Amino acid sequence: MDGGMRIVGRVLVVGLASAVVAFAQDGVRRERLTLADTTPPGQVVSFAPRAPSGRFVGGGRQVQISLAGGGAPTVVDVATLQPVEGAPVDGPAGEAEPRGPGRGRGRGAGGAPGPRLELRGGDVVLTGAGEPRPLTSGGGCREAHLAPGGAHASFVRGNDLWIAPTAAGVSEAWRVTDTGGEQTLHGVLDWVYQEEVYGRGNFQGHWWSPTGAHVAFLSLDESRVKPFTVVDHAPRPRIDDERAVVAEVTRYPKAGDPNPVATLSIADVAGRRVVPADLSRYGDAELLLVRVAWTPSGSHVVLQVQDRIQTWLDVDLIDAATGELRQLFRETSTNWVNVLAQPRFLRDGGFLWFSERSGYQNLYRYDADGALVTAVTAVPFNVLDVVRIDEDRGFVWLTGRGSSPIDSHLFRASLAGGELAQLTQGPGVHRATFGDDGSHFLDSVSAIGMLPELRLCDADGAVLATWAGELPAAAATYGLREQELVQIRARDGYPLDATLIRPDEPSAPFPIFVDTYSGPDAPSVRNQWSHSAWHQFLAQEGIGVLQVNVRSASGRGQLATGTCYRQFGVQELLDLEDAVAWACAERGGDPTRVAISGWSYGGFMAAYALTHSRAFALGFAGAGVHDWQLYDTIYTERYMSTPQLNPDGYRRSSVIEAAKDLHGHLVILHGTIDDNVHLQNTIRLLAALQAAGQDDFELMLYPGSRHGVRSAEQRGHMRRLMWRACERQLLGR
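The sections below set out a description of the structure shown in this document. Computed from a predicted structure; not experimentally measured.

Ordered by their spatial adjacency, four strands build an open sheet running E8-E9-E10-E11, and the pairing between neighbours is antiparallel. Every other strand in the sheet has two partners, leaving strand E8 (141–146) and strand E11 (174–175) as the edge strands with one partner each. Pairing geometry for E8 and strand E9 (residues 152–157), over four bridges, is antiparallel. Paired with Arg142 across the strands is Val156, a residue of E9.

Listed below in structure tokens is the structure:
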């Protein structure tokens, strides 16, 4: 391994025999699932197990357990493993604590109980400290956030940033900016920044310093971003109520078109002055400002900056008093640089930083000046997250993939680098939570074929106690069919993790249904308990269900993910073809009756497969990007560069360009007011199919649905439509 490091840890494998599910393949007559059992508006059959949950209480000296079978929680002493008689029950076991501000709502520091903000009728209201008290009037407010300490509240009105004191009878609110409007946003994000940079649904564009003395905020100039209109043709269900359409116009930059221009400023609350960050070192380069945070002292903003097509990422410090910029370091890549976690600061001013520079995500330690101190980890798999830091002892606890990319484990590493110890035992997806003193942790784990367990472990990972989950009643009622976990060798030898649900004792080659997403670093297969009523129904009706992690969605690090660079669909389709060929050759599938289904990126892959391969007889393409020139800049250009710089790649990745090559029956599905993957994709694909003289396709639109079919009635309709197509194309009924 890199850096001379080696993995150490227990080689014990937990005995799982008691927890491994005995799947129903014994010929006993059981009830049959119906199509109505798989989707609303009916009652969907659930194969979710009853899982135990727990939390540390009593300062970490006790653990409160809620058993899978229900009943009152039990409190157990971690030293003696004996129940604690009369111990108070501290809320439901496993209940999540508040985790800071949500959309449109502020909280006290760290989400702790105390004063908080709410939006009521578009006004900011202070609650949790006596009677609710409005801080604004007249409405129109959003993105309200409370400063640490609670002395001020920030909010956005009219796309301008405002700061208001929370104490009664003090000075009026400060309007920090006064140029906000349709084309200029201050302190709030636009569509593409929230969707592709800061997280879907997160429009927060301003951030308080830890001391509450400053607010860092983004400003977005949208003037060059082209508007896009989404039309709702049925805004009211009754024609008598509304006979006009409703047009929704959003500034949405498509690949190759102008982006919003982002700048950063710092508002000094006491001095009521605004300091712009000095980004002049970047000249006229088109920038993305992808993360904003603060140093623990609040003296500097930590700004992450990328070029437009995201081939590098800078970590910069911005002086809150002067706006002066100092670059700490730059991440580069031969393809793209992902936006990763914020720096985790240490007491000496240094920090921990995740990077994929080795081809895998590892953790690195830097000093306060931005100089690399050491690689904390240097392993050939992805290290995922920091769980706990103990600077006094010099350790950090991390989650990571380990020897299998579909597993997740807890590891311990030295802050000085060196050995990496795996603490969780056995296969599966492990999720660990620590007690206050770090002497014990709870490990919640499940795997394919293994019911969830909750384990109490000591600091070195020894399992002290185990609480088991219970099989859902539906498993016995309907004869739950096993997910076979396999590793398939692609044509070049690359290992593809996959699952297959085979029909019960098929007497002849059986059709196969491939359910996929296949987008970059978005695996379909994880080693955890997960069973779908829809998949079980298909298998019960004689159709095998195959899911596979193509290499760019394998969880095997940036080395593997980068294989989709500048050529969406090309390598993914080869891997899917190889998985199908294996299922037919090794497990009895029928190569003439293969379906592929997906939504969003998966919808693109389904349509791409039917226009670029002859391995598929049926495809369900839901809300697919049928030409990547029609999707947004930040997502698309990260992986594909721009259409101007990569015209051949866009052409190779286009379903529309290949419409003349349609092979098999294509079912196209889309919501009519999808504001993410626009209906324009489907309309242009229809035009291309018609122009090419293609007839073997059908279309179903879902009025009023956005990027997903939301109403229970529409979801039920879509499931029935898909099943009818499966019956015709796969079963010959």
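A few words now on the nonpolar core. Formed by 116 residues in total, the largest nonpolar core has its most connected members in Tyr193, Leu264 and Phe616. A per-element tally of this core places helix H6 (residues 601–612) first, with eight residues. The next biggest cluster of nonpolar side chains, apart from the first, holds 33 residues, and it includes Leu35, Leu451, Ala475 and Leu538.

In this section: the environment of Tyr193. Structurally, the position occupied by Tyr193 is in helix H1 (residues 191–198). The class for Tyr193 is buried, based on a relative accessible area of 0%. Between the C-alpha atoms of Tyr193 and Pro260, which are 67 residues apart in sequence, the distance is 8.8 Å. In this structure the side chain of Tyr193 is engaged in a polar contact, spanning 3.2 Å, whose partner is the backbone nitrogen of Leu289.

This paragraph deals with H1. One turn of an α-helix holds 3.6 residues; hence residues three or four places apart share an orientation. Among the eight residues that make up H1, eight are buried, leaving the element largely enclosed by the rest of the structure. What H1 keeps buried is the set Trp191, Val192, Tyr193, Gln194, Glu195, Glu196, Val197 and Tyr198. Just downstream of H1 lies Gly199, where phi reads positive at about 115°.

Mapped onto the elements, Leu220 comes out in strand E14 (residues 214–221). Measuring from C-alpha to C-alpha, the distance between Leu220 and Gln306 comes to 15 Å, with 86 residues separating the pair along the chain. Beyond its immediate stretch of four places on either side in the chain, Leu220 contacts Gln183, Thr184, Leu185, Val188, Leu189, Asp190, Tyr193, Pro260, Val261 and Ala262.

Conventions adopted
Numbers given to residues run from 1 along each chain, matching the order in which its sequence is written. Whole-chain, interface and lining totals are the exception, using all residues; otherwise, since this is a predicted model, local features are given only for residues with pLDDT of at least 70 and side-chain atom pairs are given and counted only at 80 or more. Side-chain metrics in this entry use all non-hydrogen atoms of the structure; hydrogen atoms and water are not considered. Strand pairing follows a simple DSSP-based rule, namely that at least 2 bridges must link the two strands. Numbering of helices and strands starts at the N terminus; helices are DSSP runs of H or I of at least 4 residues and strands are runs of E of at least 2. Each nonpolar core is a collection of buried residues, namely Ala, Val, Leu, Ile, Met, Phe, Trp, Tyr and Cys, held together in the definition by side-chain atoms within 4.5 Å. Whether a residue is buried, partly exposed or exposed follows from its accessible area with a 1.4 Å probe, protein chains only, as a fraction of its type maximum: under 20%, in between, or over 50%, in that order. N or O atoms closer than or at 3.5 Å make up a polar contact, with two conditions inside protein: a donor-capable atom paired with an acceptor-capable one, and, for residues adjacent in sequence, both atoms drawn from side chains. Residues count as neighbours in contact if any of their non-hydrogen atoms are within 4.5 Å of one another.

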